[in-house]
Amino acid sequence: MSVEAQAAGIATATTVALPDPAAGVCPLPFDKYPTVVLAHGGGGRLGKMLVEQLFFAAYANPVLGGFHDGSVLDTGAGRIAISTDSFVISPIFFPGGDIGSLAVHGTVNDLAMCGAKPLALSAAFILEEGLAMDDLWRIAQSMRDAARGAGVDIVTGDTKVVDRGKGDGIFINTTGIGIVPPGVEISPRRARPGDVVLVSGTVATHGIAIMSVREGLEFETAVESDSAALHEMAGLLVERLGEDVHVMRDPTRGGVASALCEIAQSAQVGILLDEAKLPVLEEVRGACEILGLDPLYVANEGKMIAIVKRDAADEALDVMRAHPLGTEAAIIGEVVDGHPGKVFQRSRIGGTRVVEMLSGEQLPRIC
Amino acid sequence: MKYVDEYRDEAAARKFLDAIRRRTTRPWTLMEVCGGQTHTLVKFGIDELLPEEITLVHGPGCPVCVTPLELIDRAVEIARRPEVIFTSFGDMLRVPGSQSDLLSVKANGGDVRIVYSPLDAVKLAEQNPDREVVFFAVGFETTAPANAMAVYQAHQRGIGNFSILTSHVLVPPAMEALLSSPDNRVQGFLAAGHVCAIMGYWEYEPIAQKYRVPIVVTGFEPLDLLHGILLTVEMLEEGRWGVENQYTRAVQRAGNLPAQELVQQVFQISDRQWRGIGQIPHSGLALKDEFARHDAEQRFGVASLTAEESPDCVSGDVMRGLKKPQECACFGTRCTPESPLGAPMVSSEGACAAYYNYRRVG
């Protein structure tokens, strides 16, 4: 999710008085974080704090205050969704995709989660001196294929090269615009008690695929990233269910847990999940067990969460399951009256616990 | 998933809970020794499903939590050196020392890397002969064999640029320290299953006899814990003491003998400082003299660094079962996983982190 998108998503939750950006004083408690740390980009609480207290304070405007995975601009002649995202993944080629396909899918998905039909993308490259031209060519082709698959063109771009050692091979930024059809209102604020929470398939696959390559973990079956463009499934949901689709979100960094926590806070509703219903691939579950990770917090790149009106839940499930990317779709929980702003999960054995936003980075355990 | 799903079965859990309820006639205070068990209890909501007569207190079995402050400072000191590749399990990186933590060292340009096995660190040392590779060897008896193997292999293969910063601790002396303390309230123990998979449970038999306390070797899945609690309650209600083994699929009385032999070959028993608890005699492992060249404390001359604990952190009381995390005035306010005062708020096995992540509603 883009910085702007995060800011916008949070803005809906935060109506408290923000520091005056004109004053020019940094609102972050610098005694704790005099420098940026990795967890500021981890999709969890620190990232939220950074966006909310630093960027949002600096840029505050009515549009930024209005939406979630991207922003929606009313042009008078129709509504345009805009979203931007930067990709810094290592390794750049991984099972199931590469940085190029990911850069296309990520931004297409952010637009799709606004209920928009993706129209066009920009692509900006920061290349490190020494990157193999063959690799760059592979990435460019992969972006072309991914864009074709998502029905968008890459219509503008930019290239910068930095000294060896000042980048990590390649960083890509993509920005996308899309058209929001009349009548479509997708917003985290629209989650209502009684709504049903669905996920379009098995979670945590992308994060485990990346981790297994990055850390050299070997499993019996290779886990492939789920990176995919969700615009078609999201479009079908909106087409079939209309305004009964209240929220859509692709749970990338920070996983399903962090995405749902943001929604619960935005809408000031409670969310209750059922652990036994969360679909997770057997090998991914195994990897999570070994590493001490909770699949709820592991990143996805080709899955969406939909929160829909209860009466429409079965139809939403049918739409998802009929789509090739949604065959494992499941109802995983509901929006409830109690504990506004909080997510709870009923455990497999019947106890309950709070589900918090990802805190810091996910660090594998000792034993 | 095999070995997981059958131990998370709701109907079976109900049966155990019913049995525990039937058997419990009086209040009992049990301690689960291992932080991994604490997390299962809180994550699955088991503590809330138990009859109210049963109080679970959380034990000291969190390797990250009991690693002394000055050892973190020594790690930070070593990791800052340009010639060093400092390797550690992920958990240790965020644990605060008196001034800094390893993640901050990394953010400031230190070469700090997460590894999944100490043998990976040996491999790194082999691949980087011009660098010093240090592995932060913390943990209980569970991680000792792998760490011993790393040192043993480096020694055998003449990999002179590999060393470990050791803070190995042992469970039985800590249990004795708890039991002999005047403010002890623990009446029965769920012993740490993985520690016993290595060491067996014969060491606990004299402790059970001496203090007349039931000790049940217990696993880590929800049904393991419920079963362990049931066995402990049965012993308490019947006025029995001794050691019973719930975790039979992984633990035998004698333990893993080759692993024990390896540990004895490389390490010797030593006194150890436990963070939040203090010095416990014969409660740790130190490298034997013949492996001294692989001892990072000596190699980098940091053994004299000492530090004072934050007076506001009550982690010692938490780890001795005297306080629950949320009884701490700093819990969730001045102390959070992002900016922890003490280690139990950081580790995935720390009791404070378990309550913060799974219980905090405010």
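Reference entry: report on the structure contained in this document. All values reported here derive from a predicted model rather than from experimental measurement. The residue numbering used here restarts from 1 in each chain and proceeds along that chain's sequence as written. Chain labels run from A onward and ligand labels from 1 onward, assigned in the order the entries are written. Where totals are concerned, whole chains, interfaces and linings use all residues; where local detail is concerned, this predicted model gives features only for residues with pLDDT of at least 70, and gives and counts side-chain atom pairs only at 80 or more. Water and hydrogen atoms play no part in the side-chain values, which are based on all heavy atoms of the structure.

### Considerations on the interface of chain B and chain A
Part 1 of the argument: Two residues form a contact once any of their heavy atoms are found within 4.5 Å. Between chain B and chain A, the residue contacts involve 45 residues of the former and 37 residues of the latter.
Part 2 of the argument: Considering only the side of chain B, the residues that lose the most area to chain A are Met1(B), Tyr116(B) and Glu338(B), jointly responsible for 21% of the buried surface there.
Part 3 of the argument: Here a salt bridge means any side-chain nitrogen of Lys or Arg lying within 4 Å of a carboxyl oxygen belonging to Asp or Glu. Across the chain B-chain A interface, the total number found is 4 salt bridges.
Part 4 of the argument: Among the salt bridges present, the one from Arg8(B) reaches Glu289(A), with a minimum N-O distance of 2.9 Å. Buried area, as used here, totals the accessible surface that two parts lose on assembly, with accessibility defined by a 1.4 Å probe and the loss added over both.

### Remarks on the state of the cysteines
Residues and elements named next belong to chain B.
Part 1 of the argument: Only a pair of cysteine sulfur atoms within 2.5 Å counts as a disulfide in this structure description. As enumerated under the stated definition, the model contains 1 disulfide over all chains in all.
Part 2 of the argument: The disulfide partner of Cys62 is Cys65, and the gap between their sulfur atoms is 2.2 Å. Where Cys62 bonds to Cys65 through sulfur, the torsion about that S-S bond is close to 65°, and the disulfide is right-handed. Considered together, Cys62 and Cys65 belong to a single accessibility category, that of buried residues.
Part 3 of the argument: Not part of a disulfide, Cys196 finds its nearest cysteine sulfur in Cys34, a span of 10 Å.
Part 4 of the argument: Exposure classes here rest on a 1.4 Å probe applied to the protein chains alone. A residue is buried below 20% of its type maximum, exposed above 50%, and partly exposed in between. Judged by its relative accessible area of 0%, Cys196 is buried.
Part 5 of the argument: No disulfide involves Cys330; its sulfur sits 4.5 Å from the nearest other cysteine sulfur, which is in Cys328.

### Points about the sheet that holds strand β12 (residues 330-336) of chain A
Residue and element names in this part refer to chain A.
Part 1 of the argument: At least two bridges found by DSSP between two strands are what make those strands a pair. Where helices and strands are cited, they refer to DSSP runs of H or I of at least four residues and of E of at least two residues respectively, numbered from the N terminus. Pairing in this open sheet of 7 strands is mixed, and the strands run β9-β11-β8-β12-β10-β13-β14 from one edge to the other. Both edges of this open sheet fall to β9 (245-249) and β14 (352-355), since each of them pairs with a single strand only. Here the average twist between neighbouring strands, direction ignored, is 25°.
Part 2 of the argument: Looking at chain direction, β9 and strand β11 (residues 305-308) are connected through 4 bridges and run antiparallel. What sits directly across from Met248, in β11, is Ala306. The convention used is that axes are lines fitted to C-alpha atoms, helices contributing only their stretch in contact, and that angles between N-to-C directions extend from 0 to 180 degrees.

### Some thoughts on a nonpolar patch on the surface
Part 1 of the argument: To count toward a patch, a residue needs a relative accessible area above 30% and no salt bridge. Like charges then connect within 9 Å, nonpolar side chains (Val, Leu, Ile, Met, Phe, Trp, Tyr) within 5 Å. Surface accessibility follows the Shrake-Rupley procedure with a 1.4 Å probe radius. Residue values consider only the protein chains on display as shielding. The grouping of Val63(A), Leu73(A), Ile82(A), Leu119(A), Ile177(A) and Ile179(A) at the surface amounts to a nonpolar patch, some 430 Å² of accessible area in total.
Part 2 of the argument: By the secondary structure assignment, Ile82(A) is in strand β2 (residues 79-87).

### A closer look at the environment of Gln326(B)
All names here are of chain B.
Part 1 of the argument: Tracing the backbone shows Gln326 in the loop between α15 (315-319) and α16 (351-358).
Part 2 of the argument: In this structure, the C-alpha to C-alpha distance between Gln326 and Tyr356, residues 30 residues apart in sequence, is 8.4 Å.
Part 3 of the argument: Ignoring anything within four residues of it in the chain, the contact list for Gln326 reads Phe331 and Tyr355.

### As for the sheet that holds strand β5 (residues 117-128) of chain A
Residue and element names in this part refer to chain A.
Part 1 of the argument: Spatially, the 5 strands line up as an open sheet ordered β1-β2-β7-β5-β6, and their pairing is mixed. Edge positions in the sheet fall to β1 (71-74) and β6 (153-162), since each has one partner strand and no second. With strand direction ignored, the average angle separating the axes of adjacent strands in the sheet is 20°.
Part 2 of the argument: The sheet contact formed by β5 and strand β7 (residues 170-180) spans 10 bridges and is antiparallel. For Leu121, the partnering residue across the bridge sits in β7 and is Gly176.
Part 3 of the argument: Packed onto the sheet, helix α4 (residues 133-149) meets β5, β6 and β7 and runs at close to 15° relative to β7.

### So, the pattern of salt bridges
All names here are of chain B.
Part 1 of the argument: According to the stated counting rule, one finds 35 salt bridges over all chains in the structure shown.
Part 2 of the argument: Two residues, Glu132 and Arg299, come together in a salt bridge whose shortest N-O distance is 2.8 Å. Of the two residues, Glu132 is situated in strand β5 (residues 132-139) and Arg299 in helix α14 (residues 296-300); the sequence distance between them amounts to 167 residues.
Part 3 of the argument: Given a relative accessible area of 17%, Glu132 falls into the buried group.
Part 4 of the argument: The salt bridge involving Asp317 is made with Arg320; its shortest N-O contact spans 3.0 Å.
Part 5 of the argument: Here Asp317 falls in the partly exposed class, since its relative accessible area comes to 23%.
Part 6 of the argument: Classification of Arg320 as partly exposed rests on a relative accessible area of 27%.
Part 7 of the argument: One salt-bridge network, in which partners are shared between bridges, spans Arg23, Glu234, Glu238, Arg240 and Glu244.

### What about the packing of helix α2 (residues 35-43) of chain B against α16(B)?
Residues and elements named next belong to chain B.
Part 1 of the argument: Two elements in contact, α2 and α16, have axes whose closest approach is 9 Å; the angle formed by their N-to-C orientations is 20°. For the element pair α2 / α16, the angle class is roughly parallel. Relative to α16, the crossing made by α2 is right-handed. When α2 is examined against α16, the residues Thr38, His39, Val42 and Lys43 are found in contact with a partner set consisting of Ala351, Ala353, Ala354, Tyr355 and Tyr358. To sort the angles, those under 35 degrees are grouped as roughly parallel, those over 145 as roughly antiparallel, those from 65 to 115 as roughly perpendicular, and the leftovers as oblique. Take the far helix as your reference; a near helix turned counterclockwise from it by less than a right angle gives a left-handed crossing, and one turned clockwise gives a right-handed crossing.

### So, the environment of Val105(B)
All names here are of chain B.
Part 1 of the argument: Assignment of secondary structure puts Val105 in helix α6 (residues 102-107).
Part 2 of the argument: Spatially, the C-alpha atoms of Val105 and Arg80 are 6.3 Å apart, while their sequence positions differ by 25 residues.
Part 3 of the argument: Filtering out sequence-adjacent residues up to four positions away, Val105 remains in contact with Val76, Ala79, Arg80, Ser100, Gly110 and Val112.

### A short note on the packing of helix α6 (residues 231-241) of chain A against helix α9 (residues 313-322) of chain A
Residue and element names in this part refer to chain A.
Part 1 of the argument: Where α6 meets α9, the closest approach of the two axes is 10 Å, and the angle between their N-to-C directions is 145°. Viewed along their axes, α6 and α9 form a crossing whose handedness is right-handed. Together, Met233, Leu236, Leu237, Arg240 and Leu241 of α6 and Glu315, Ala316, Val319 and Met320 of α9 make up the contact between the two elements.
Part 2 of the argument: Gly is placed with the polar residues, together with every amino acid not listed as nonpolar (Ala, Val, Leu, Ile, Met, Phe, Trp, Tyr, Cys and Pro) or charged (Asp, Glu, Lys and Arg). Considering only residue class, the contact of α6 with α9 consists of 7 nonpolar, no polar and 2 charged.

### A short note on unusual backbone geometry
Part 1 of the argument: Residue Ser90(A) is joined to Pro91(A) through a cis peptide bond whose omega torsion reads 0°.
Part 2 of the argument: In this structure, Pro91(A) sits in the loop between β2 and β3 (93-94).
Part 3 of the argument: Positive phi, normally seen in glycine, also occurs at His339(A), with a value near 35°.
Part 4 of the argument: Within the element layout of this structure, His339(A) appears in the loop between β12 and β13 (343-346).
Part 5 of the argument: For His339(A), a relative accessible area of 25% corresponds to the partly exposed category.
Part 6 of the argument: With a phi angle near 50°, Arg212(B) is a residue other than glycine that sits in the positive phi range.
Part 7 of the argument: Counting through the fold element by element, Arg212(B) comes out in the loop between α11 (204-211) and β8 (214-218).

### A few points about the nonpolar core
Part 1 of the argument: Formed by 59 residues in total, the largest nonpolar core has its most connected members in Phe86(B), Phe189(B) and Ile215(B).
Part 2 of the argument: When residues in this core are grouped by element, the largest group, 6 residues, is from helix α5 (residues 69-79) of chain B.
Part 3 of the argument: Setting aside residues no more than four positions away along its own chain, Ile215(B) makes contact with Met175(B), Phe189(B), Ala191(B), Tyr204(B), Ile207(B), Ala208(B), Gly242(B), Val243(B) and Glu244(B).
Part 4 of the argument: Judged by nonpolar contacts, the second largest core, of 41 residues, contains Met211(A), Ile263(A), Leu273(A) and Ala330(A). Nonpolar cores were defined as sets of buried Ala, Val, Leu, Ile, Met, Phe, Trp, Tyr and Cys residues, with membership established by side-chain atoms within 4.5 Å.

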